[in-house]
Amino acid sequence: VQLQASGGGLVQPGGSLRLSCVASESIFSIYDMGWYRQTPGKQRELVARINRGGGTDYGNSVKGRFTISRDNARNMVSLQMNSLKDEDTAVYYCNVVWGNGRSYGDSWGQGTLVTVSS
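The rules behind these values
- Residues numbered from 1 in each chain as written.
- Predicted model: local features only at pLDDT ≥ 70, side-chain atom pairs only at ≥ 80, totals over all residues.
- Heavy atoms only, no water.
- Helix = DSSP H or I, 4+ residues; strand = E, 2+ residues; numbered from the N terminus.
- Buried < 20%, exposed > 50% of the residue type's maximum accessible area, 1.4 Å probe, protein only.
- Lys, Arg positive; Asp, Glu negative; His and termini not counted.
- Salt bridge = Lys/Arg side-chain N within 4 Å of Asp/Glu carboxyl O.
- Polar contact = N/O pair within 3.5 Å; in protein donor to acceptor, adjacent residues only side chain to side chain.
- Contact = heavy atoms within 4.5 Å.
- Phe/Tyr/Trp six-rings, centres within 6.5 Å; stacked < 30°, edge-to-face > 60°.

Chemist: Looking at this structure, I do not really get the side chain of R70. What am I missing?
Modeler: By the element assignment, R70 lies in strand β7 (residues 66–71). Buried charge R70 goes without a salt bridge, the closest partner of opposite sign being D32 at 5.5 Å. In terms of polar contacts, R70 uses its side chain to reach the backbone carbonyl oxygen of N51, at 3.2 Å. If near-sequence neighbours (up to four positions away) are discounted, R70 is found in contact with I30, Y31, D32, M33, I50, N51, R52, M76 and V77.

Below, the structure is given as structure tokens:
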């Protein structure tokens, strides 16, 4: 399963951005979809994830500001980021868990840079 992410860029503190990620057509079913982020010298951390039924999980630092959603028909996951802060600056990676009942795995997108700066 290949992923194509888009939507990163430069935004001022307090602004908004929307990230999207589309998974390629595959014989595998898509289960969890999510976003992670990483800054230099730090481990990749969970931003948000959503299961096939719409259940969500957010990192503590983004709760109340970011909203994750998905379109199962299009194999797409989106992340609406509001009230952005300087500390949200990072490379954001989308991730999907896929499988077919016998084999499972996950795939990562190429990363998209989000810079929050005045």
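Chemist: Would you explain the packing of aromatic side chains in this entry?
Modeler: In this description, a pair of aromatic rings is defined by centroid distance and the angle of the planes. For the structure shown, the criterion picks out three aromatic pairs. Centroid distance F28 to W98: 4.5 Å. Interplanar angle 40 degrees. Geometry classified as tilted. With F28 in the loop between β3 (17–23) and β4 (29–38) and W98 in strand β9 (residues 90–99), this residue pair connects regions lying 70 residues apart in the sequence. Relative accessible area serves as the criterion here: at 22%, F28 is assigned to the partly exposed category. The class of W98 is buried, set by a relative accessible area of 15%. Centre to centre, the rings of Y31 and Y104 are 6.0 Å apart; their planes meet at 35 degrees, and the pair counts as tilted. With Y31 in strand β4 and Y104 in strand β10 (residues 104–108), this pair connects stretches of sequence that are 73 residues apart.

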